[in-house]
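Descriptive structure summary
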Amino acid sequence: MNKVLYGVTLFLYFLASFHYLLYLINQRESIGKVCRITAIAGFAMNTLAMLHLTFYSGHVPLTNLRESLFFMSWAIMFIYIILEYRMKVIVMGAFIVPLAFLCMLVSVTLPEPSVIVPAYLSSAWLGVHTSFAFLAYAAFTISFATSVMYIIQERQLKHKHPGTFYHRLPPIEMLDELAYKGIALGFPLLTLAIVTGAIWANSAWGQYWGWEPKEIWALITWFIYAAYLHMRLVAGWRGRKAAYLAIAGFGIVMFTFLGITLLLPGKHAFK
Amino acid sequence: MNIVVVGLSHKTASVEVREKLSFQAARIPDALACMGKLEQVSEHLILSTCNRVESYAIAKDADIGAEKIKDFFLDYHGLTGDVYRDSLYSYGGREAVRHIFRVAASLDSMVVGEPQILGQLKDAFDNALNHKTTGVVMNRLMKKTISVAKRIRTETKIAESAVSISFAAVELARKIFGNLEGKSVMLVGAGEMAELAARHLMNNGVKSVMVANRTFERAVDLAKEFDGQPVKYDELFTEMVHADIVIASTGAAHYIITHDDMAKVIKERKNKPVFLIDIAVPRNLDPGINKIDNVYLYDIDDLSSVVESNIKERQKEADLAEEIIDQEIEIFMSWLRSIDVVPTIVAIRENAERVRKAELDKALSKMGDITEKQKRQVESLSQAIVNKLLHNPLITLKQSANLPEGSTRIEAARALFGISEEEPEDGTTHEEAAGTTEVEKA
């Protein structure tokens with residue numbers, strides 16, 4: 001059952017990504033419609049699959065890399081669909097939906113781990129901690145994608161040889177604002193993830209902070225985004241510099257998520 | 001019955017030739033009347049703009065009709081010589097329809113997507129309607145042409161990107177700020193182009209206007225025009241902090257805003273983006289300013305290159321428009337075929353035969369026992385009545401193929417015999433077509 005849901009979700013995300021990229025080249029209303037339908041259908045399937053997994057396994061599906069990536073693609077699409085609905089800018093999907101598709105693709109190709117979950121992973125705090133963390137990651141993903149779009153469009157405007165992207169990308173002020181909002185949303189979520197993680201660590205191992213690699217890198221991520229918000233609000237950083245910082249922040253996020261998980265040992269490593 | 005286009009445009013003729021062959025608005029009624037005297041040619045209209053002179057007509061034979069109309073173009077203007085004749089092109093049938101659709105959709109215009117041509121075509125059609133030189137086919141063709149042009153306008157982005165300098169400025173402002181609502185613009189110096197750009201910006205949502213000028217009185221005058229705020233020249237930079245868009249067009253021979261000036265302004269603005277437009281020649285703004293983050297400086301050449309790129313972009317949209325035209329040609333041509341005389345006669349015959357058979361069967365079944373001979377008698381009676389009744393109408397129809405008002409007759413016959421399979425909205429009459437165009441004009 002879940003395999004089918006996984007498969008259908010993956011397929012719909014593939015279709016959606018394909019059409020969003022097509023829309024970037026060829027902005028036809030008919031293509032935009034297909035984008036919207038496939039994205040929403042894919043998201044619905046993704047949600048169903050996740051509910052199924054939760055009831056089937058009896059825990060929030062965030063106990064291994066496979067499940068985490070699955071949740072991540074759900075969270076990215078969740079934020080993106082709200083964004084598209086509010087902003088009415090379909091082009092952004094070309095930069096965001098393929099990321100959700102990639103998460104889903106990697107998730108599906110990973111082997112399914114044993115069903116037995118270690119006792120310390122079935123705590124309710126775990127669900128809260130990891131949910132916050134991945135929602136934060138999803139928000140940072142949006143910020144990353146809009147920052148990339150900003151950099152492209154800013155270059156087009158500065159170099160004054162308007163190409164394909166000039167005609168298709170949204171205004172740079174909007175992109176700058178969205179990148180900021182993504183971080184303004186992700187940062188408190190990341191903070192909550194770190195706090196709840198500490199509480200969970202205390203109940204599971206009797207200490208709040210263990211200086212694990214993942215904890216250290218999460219802290220670095222936190223500082224980078226704190227710096228972003230500080231520079232933006234106090235020093236008036238905007239535009240290009242802010243966009244590069246948001247992209248760098250996302251690089252660290254990816255490293256914290258995938259690099260640490262796969263390369264370095266510790267409690268956060270998914271087996 | 002063939003649709004024929006004869007004409008010339010900026011693509012085939014120089015302005016010297018075009019002006020010689022053009023029809024002044026006041027002379028169009030006379031020209032229409034003269035054209036009506038041409039053999040072979042029935043319905044017709046004349047479209048004359050500064051970039052094109054064309055006539056659309058219905059001719060018995062496309063090639064002969066086209067030659068006659070070419071002769072008319074030259075004779076009417078008292079011209080002789082190959083220079084004029086060679087600049088005239090002609091299309092017949094399907095290609096004529098394609099040409100008319102392309103002209104109306106502004107695919108054949110000098111600036112692809114410019115909106116005026118459709119209005120000019122509507123006027124030409126109105127003119128012909130008023131002088132009763134069009135009939136069923138031309139009216140239908142013009143109505144279709146207008147709807148195709150509108151479809152292309154809504155389904156493609158052919159008219160979307162800016163193709164003039166002042167509109168390019170608005171488009172760039174939108175690419176930077178998105179919504180221009182609540183943004184402010186500052187004019188430094190005054191010039192026709194700067195004022196035009198400012199007006200376009202205001203039409204797109206910009207509310208507050210500041211005007212700076214070396215002579216303060218001039219600034220006050222201009223500010224009044226825009227309902228804006230005059231700025232003293234020595235307060236230029238303190239006020240510029242509040243401007244999202246700055247348009248410079250002074251006659252100064254040196255840079256009036258330097259890199260350092262702007263760096264200070266942008267710092268004061270807390271890096272909120274600024275769009276600087278330098279319309280002056282020689283330039284007023286130090287080009288190095290563009291290197292500052294969140295500052296976008298465009299001079300007149302930069303704006304021209306944006307316009308150039310937009311024209312290319314419109315060209316891409318034109319490809320989609322051609323596809324739409326292909327579809328619409330099919331629809332129109334199949335209608336045109338249906339009103340041809342032969343299919344009409346066949347349809348009327350078939351219709352009559354069906355009725356005759358049905359009635360005959362009904363009658364025979366009620367008669368009961370009759371001899372084979374009597375049966376044949378009744379049958380030939382039914383045949384004779386149908387043939388006698390249809391004889392005159394069908395002969396008249398056959399002849400009408402050679403008459404100028406032929407298509408009107410065929411259309412009438414189709415309606416009288418109840419064989420027009422048209423949806424009601426397509427059954428346009430003279431008056432209806434005239435009515436809708438009037439409404440569209442208003």
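Remember, predicted model here, so these are calculated numbers, not experimental data. (Residues numbered from 1 in each chain as written. Chains lettered and ligands numbered in written order. Predicted model: local features only at pLDDT ≥ 70, side-chain atom pairs only at ≥ 80, totals over all residues.)

This brings us to the overall build of chain A. What chain A contains, in helices and strands, is nine helices and zero strands. Starting at the N terminus and walking to the C terminus, you meet the elements of chain A as α-α-α-α-α-α-α-α-α. Each principal axis of the C-alpha distribution contributes one length, and for chain A these read about 60 × 50 × 30 Å. Counting the 271 residues in chain A, one finds 44% classified as buried. A separation threshold of at least 6 residues defines the contact pool for chain A, and within that pool the share at least 24 residues apart is 78%. (Helix = DSSP H or I, 4+ residues; strand = E, 2+ residues; numbered from the N terminus. Buried ≥ 20, exposed ≤ 12 C-beta atoms within 10 Å, placed from the backbone. Contact = placed C-beta atoms within 7 Å.)

This part takes up the overall build of chain B. Helix and strand counts for chain B come out as 17 helices and 10 strands. For 442 residues, the compact-globule estimate of 2.2 N^0.38 gives 22 Å, and the C-alpha radius of gyration of chain B, at 32 Å, exceeds that figure by more than 25%. Here the C-alpha coordinates of chain B stretch approximately 115 × 60 × 35 Å along the principal axes. Expressed as a percentage of its 442 residues, the buried residues of chain B come to 39%. (Rg over C-alpha atoms; globule rule 2.2 N^0.38 Å.)

Now for the pairing of strand β2 (residues 41-48) of chain B. Residues and elements named next belong to chain B. Within β2, eight of the eight residues are buried, which leaves the element mostly enclosed by the surrounding structure. Relative to strand β3 (residues 52-59), β2 is paired through six bridges, and the arrangement is antiparallel. Across the sheet, Leu47 pairs through a bridge with Glu54, a residue of β3. Hairpin connection between β2 and β3: a loop of three residues separates the two successive antiparallel strands. (Pairing = 2+ DSSP bridges.)

All names here are of chain B. The six strands are arranged β7-β6-β5-β8-β9-β10 in an open sheet whose pairing can be described as parallel. At either margin of the open sheet sits one strand with a lone partner, and together these are β7 (229-231) and β10 (295-299). Within the sheet, the average angular offset between the axes of one strand and its neighbour, ignoring direction, is 20 degrees. Looking at chain direction, strand β8 (residues 245-248) and strand β9 (residues 274-278) are connected through four bridges and run parallel. Paired with Ile245 across the two strands is Phe275, which belongs to β9. Against the sheet, helix α8 (residues 165-177) touches β8, β9 and β10, its axis set at about 165 degrees to β9. (Axes fitted to C-alpha atoms, helices over the stretch in contact; angles between N-to-C directions.)

Moving on: the sheet that holds β3 of chain B. All names here are of chain B. Strands sit in the order β2-β3-β1-β4 across an open sheet of four strands; the sheet is antiparallel. With one partner strand each, in any of the chains shown, β2 and β4 (89-92) form the two edges of the open sheet. Taken pair by pair, the neighbouring strands of this sheet meet at an average axis angle of 15 degrees, ignoring direction. Contacting β2 and β3, helix α2 (residues 28-36) crosses the sheet at an angle of about 155 degrees to β2.

Taken together, the contact between chain B and chain A spans 19 residues of the former and 17 residues of the latter. Elements that contribute at least two residues to the side of chain B that touches chain A include exactly α8, β10 and α13 (300-338) of chain B.

Within the largest apolar cluster, 128 residues are counted, with the highest numbers of intra-cluster contacts made by Ile76 of chain A together with Leu187, Val246 and Ile247 of chain B. For this core, the element with the most residues is helix α5 (residues 124-159) of chain A, which contributes 16 residues. Those residues in contact with Val246 of chain B, other than ones at most four positions away along the chain, are Met186, Val188, Met240, Val274, Leu276 and Ile277 of chain B. Core analysis: the second largest hydrophobic core is formed by 54 residues, Ala62, Val103, Ile117 and Ala149 of chain B among them. (Core = buried A, V, L, I, M, F, W, Y, C linked by C-beta atoms within 7 Å.)

We now examine the environment of Ile311 of chain B. All names here are of chain B. Tracing the sequence through the fold places Ile311 in helix α13. For Ile311, a count of 15 C-beta atoms within 10 Å translates into the label partly exposed. Along the chain, Ile311 and Val111 lie 200 residues apart, while their C-alpha atoms are 7.7 Å from each other.

Given 3.6 residues to a turn, an α-helix orients residues that are three or four positions apart in the same direction. Residues and elements named next belong to chain B. Its 15 residues give helix α3 (residues 62-76) an end-to-end C-alpha distance of 21 Å, which sits within 8% of 21 Å, the value for a rise of 1.5 Å per residue. At its buried positions, α3 is contacted by β1 (2-9), α1 (15-21), α2, β2, β3 and β4. Just downstream of α3, Gly78 is the residue with a positive phi angle, here 65 degrees. (Expected span 1.5 Å × (residues − 1).)

All names here are of chain B. Compared with the 39 Å implied by 1.5 Å per residue over 27 residues, the 39 Å span of helix α14 (residues 341-367) between its first and last C-alpha is a close match. Burial in α14 covers these residues: Val341, Thr344 and Ile348. Among the residues trailing α14, Gly368 stands out with phi positive, at a value near 70 degrees.

Residue and element names in this part refer to chain B. For chain B, the mean per-residue pLDDT works out to 87, and 94% of the residues sit at or above 70. Looking across chain B, the model is least confident in helix α17 (residues 430-441), with a mean pLDDT of 35, and most confident in helix α5 (residues 94-104), with 95. Low pLDDT, under 50, characterises residues 422-442; the stretch is placed with 15 contacts to residues that sit more than four places away or in other chains. We note a pTM of 0.75 for the whole complex and an ipTM of 0.84 for its interfaces. (pLDDT = per-residue confidence, 0-100.)

The omega angle of the peptide bond from Val281 of chain B to Pro282 of chain B is -5 degrees, so this bond is cis rather than trans. Structurally, Pro282 of chain B is set in the loop between β9 and β10. The phi torsion at Lys88 of chain A lies on the positive side, around 60 degrees, for a residue other than glycine. Relative to the helices and strands, Lys88 of chain A is located in the loop between α3 (65-87) and α4 (93-109). The phi torsion at Ser106 of chain B lies on the positive side, around 65 degrees, for a residue other than glycine. Relative to the helices and strands, Ser106 of chain B resides in the loop between α5 and α6 (116-130).

What follows is about the pairing of β10 of chain B. Residues and elements named next belong to chain B. The buried fraction of β10 amounts to five of the five residues, a majority that puts the element mostly inside the structure. Side-chain alternation along β10 places Val295, Leu297 and Asp299 on one buried face and Tyr296 and Tyr298 on a second face that is also buried. In the sheet, β9 pairs with β10 via five bridges, with the strands oriented parallel. Along β10, the bridge assignment pairs Phe275 with Tyr296.

Before going further, it helps to spend a moment on the packing of α4 of chain A against α5 of chain A. Residue and element names in this part refer to chain A. Contact geometry of α4 with α5 gives a least axis separation of 9 Å together with a crossing angle of 140 degrees. The orientation of α4 relative to α5 falls into the category oblique. Crossing geometry of α4 relative to α5 is assigned as right-handed. Contacts between α4 and α5 involve Phe95, Ile96 and Leu99 on the former and, on the latter, Thr141, Ile142, Ala145, Val148 and Met149. Of the residues that constitute the contact of α4 with α5, the class distribution is seven nonpolar, one polar and no charged. (Parallel < 35°, antiparallel > 145°, perpendicular 65-115°, else oblique. Left-handed = near helix turned anticlockwise from the far one by under 90°. Nonpolar A, V, L, I, M, F, W, Y, C, P; charged D, E, K, R; others polar.)

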